[in-house]
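Architecture and fold: a report
Here's the letter readout for the chains.
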There are 2 protein chains.
Amino acid sequence: MWRKEIRLAGSGGQGLGLAAMVLADAALRAGLHATIMQSYGPEARGGASRADVTLSDQPIANPWFPAPRILLALSQKAWDRFSPKLGADALAIVDLDRVQGAQGANVWALPFERTARAELREKVAANMLALGALGVVLEHIPQEILAETAQSRAPKGFGQVNRTAVARGWQLMGDALGGIAHVESVGP
Amino acid sequence: MWRKEIRLAGSGGQGLGLAAMVLADAALRAGLHATIMQSYGPEARGGASRADVTLSDQPIANPWFPAPRILLALSQKAWDRFSPKLGADALAIVDLDRVQGAQGANVWALPFERTARAELREKVAANMLALGALGVVLEHIPQEILAETAQSRAPKGFGQVNRTAVARGWQLMGDALGGIAHVESVGP
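Now for a look at the structure at hand. (Residues numbered from 1 in each chain as written. Chains lettered and ligands numbered in written order. Predicted model: local features only at pLDDT ≥ 70, side-chain atom pairs only at ≥ 80, totals over all residues.)

As for the overall build of chain A
The secondary structure content of chain A amounts to six helices and six strands. Walking chain A from its N terminus toward its C terminus, one meets helices and strands in the order β-α-β-β-β-α-β-β-α-α-α-α. For chain A, whose C-alpha radius of gyration is 15 Å, the value lies close to the compact-globule estimate of 16 Å for 188 residues. Summarising its shape, the C-alpha atoms of chain A cover approximately 35 × 35 × 35 Å along the three principal directions. (Helix = DSSP H or I, 4+ residues; strand = E, 2+ residues; numbered from the N terminus. Rg over C-alpha atoms; globule rule 2.2 N^0.38 Å.)

This is the structure in structure tokens:
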């Protein structure tokens, strides 16, 4: 059985809820099962945002997990809060400019927001770049399905931007991994 | 500790995802904690829709539950699938015209869709009527907060309809309970 437990964390407004929806929907289109768990509480008012996604090739009876196997952190607060719980074999992907002090063999710091701003002129597309990077390590969702889903679920006018962002994030992660996944990446 | 485990189930297009969001957001505004869990899988393609909501006055460490304490079923399929798992003390609210064979001391069959169509001219507002009915039995979220949240999260043009629908659903449930909750209901 293949199963991945993923936490998408950052601050409110970074679009992590949408990223979770796109990921779950893309997984479904790829023939997988998915659950999304979102938590709301008075402490979330400060702007912390978090969505837990569980993916599997089997129906998911219990989607809950105490700590994720894969953490995406797009803010310092998110990193500080969730990284202490990561197991030794967990993998983390963080925004290079947003998170300080994230180091380790399984930590990948990539310039999502910087690239979104510079290349796509849309800082908010950082979430879709991060999703593309995530896609590489998940290995079970083809880039084309992820990009297509990101496009179809985008807010009006953001379809092409989101599709391009997924492809670019996929490429960034592929490059970081030393080209291992690079063969799967396509240009925007 | 107060905790409620609620399953909102029906068919795709009945707006149960939105109902779950409104419920979680209203709970947050009422000072509670909330989680939403949504499942996606190939079997969901048939149109089954389900969202699990956990509410508590404490932070929710583990939101998962094997069977809900409160089931809202707006379709026959949803009832057939989830009602067998209900415990003896569980409570169920179903759509009177959509679900057959739902009987028991803790089962309430109310005309959500019929009322939405006849009084609000919007069949899709059945979800918000059902949410209003749910509010009565939850007891920890004031009607005004639920109605206000339903209004603010409504799709464009549906704000007033949703607010009215919550109040009307609250009233339907209050009447069904013999007026116990009726004092809390206000007109649209």
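Quick word on the pairing of strand β3 (residues 48-56) of chain B
Regular strands place their side chains on alternate faces of the sheet. Residue and element names in this part refer to chain B. Judged by how many residues are buried, β3 sits mostly within the fold: eight of nine residues are covered. Examined bridge by bridge, strand β1 (residues 3-11) and β3 share nine bridges and lie antiparallel to one another. Along β3, the bridge assignment pairs serine 11 with alanine 48. Bridge count for strand β2 (residues 33-40) against β3 is six bridges, and the pairing is antiparallel. (Buried ≥ 20, exposed ≤ 12 C-beta atoms within 10 Å, placed from the backbone. Pairing = 2+ DSSP bridges.)

Section: the interface of chain B and chain A
Accessible area lost when the parts come together is the quantity often used to give the size of an interface. Opposite the 19 residues of chain B that make contact, chain A presents 19 residues. Among the elements that line the side of chain B that touches chain A, the one with the most residues is β2(B), at eight residues. Classifying every residue of the side of chain B that touches chain A by side-chain character gives 11 nonpolar, seven polar and one charged. Pairing of strand β2 (residues 33-40) of chain A with β2(B), which is carried by seven bridges, proceeds in the antiparallel orientation. If you follow Ser39(A) over to β2(B), its bridge partner there is Thr35(B). (Contact = placed C-beta atoms within 7 Å. Nonpolar A, V, L, I, M, F, W, Y, C, P; charged D, E, K, R; others polar.)

Examining the nonpolar core
Residues Ala130(A) and Ala130(B) are the most contacted members of the largest nonpolar core, which totals 122 residues. The residues touching Ala130(B), leaving out its near neighbours within four places in the chain, are Ala19(B), Leu72(B), Leu74(B), Ile93(B), Phe112(B) and Gly169(B). (Core = buried A, V, L, I, M, F, W, Y, C linked by C-beta atoms within 7 Å.)

With respect to the relation of the copies chain B and chain A
Here the two chain copies are tied together by a rotation about an axis and a shift along that axis. Once chain B has been moved 0.0 Å along the axis and rotated by 180°, it coincides with chain A to within an RMSD of 0.0 Å. A rotation of that kind, with that shift, is consistent with a two-fold axis. Of the C-alpha atoms belonging to chain B, the one lying closest to the rotation axis is found on Met37(B), 2.2 Å away. In this assembly the copies share their binding face: 100% of the residues contributing to the interface of chain B also contribute to that of chain A. (Least-squares fit on C-alpha atoms with pLDDT ≥ 70 in both.)

Regarding unusual backbone geometry
Positive phi values are uncommon outside glycine, yet Arg121(A) reaches one of about 60°. You can call Arg121(A) exposed: it has 9 C-beta atoms within 10 Å. Even without glycine at this site, Glu139(B) takes up a positive phi of about 70°. Along the chain, Glu139(B) turns up in the loop between α4 (126-138) and α5 (143-152). Among the residues examined, Glu139(B) registers 11 C-beta atoms within 10 Å and is labelled exposed.

Some thoughts on the packing of helix α1 (residues 16-29) of chain B against α5(B)
Helices that pack against each other are described as a pair by the angle of their axes relative to one another and the distance between those axes. Residue and element names in this part refer to chain B. Two elements in contact, α1 and α5, have axes separated by 9 Å at closest approach and are oriented at 130°. For the element pair α1 / α5, the angle class is oblique. Once α1 is placed against α5, the crossing between them reads as right-handed. In this structure, α1 uses Val22, Asp25, Ala26 and Arg29 to contact α5, whose residues at the interface are Ile145, Leu146, Thr149 and Ala150. When grouped by side-chain class, the residues that make up the contact of α1 with α5 number five nonpolar, one polar and two charged. (Axes fitted to C-alpha atoms, helices over the stretch in contact; angles between N-to-C directions. Parallel < 35°, antiparallel > 145°, perpendicular 65-115°, else oblique. Left-handed = near helix turned anticlockwise from the far one by under 90°.)

Quick look at the sheet that holds strand β5 (residues 91-95) of chain B
Strand pairing in a sheet relies on backbone hydrogen bonds, with the paired strands running either antiparallel or parallel. The strand order across the open sheet built from 12 strands is β6(A)-β5(A)-β4(A)-β1(A)-β3(A)-β2(A)-β2(B)-β3(B)-β1(B)-β4(B)-β5(B)-β6(B), with neighbouring strands paired in mixed fashion. Each edge of the open sheet carries a strand with a single partner, namely β6 (107-110) of chain A together with β6 (107-110) of chain B. The mean angle between the axes of side-by-side strands here comes to 15°, regardless of whether they run parallel or antiparallel. Running at roughly 160° to strand β5 (residues 91-95) of chain A, helix α4 (residues 126-138) of chain A makes contact with β1 (3-11), β4 (70-73), β5 and β6 of chain A of the sheet. Here α4(B) sits on the sheet in contact with β1, β4 (70-73), β5 and β6 of chain B, set at roughly 160° to β5(B).

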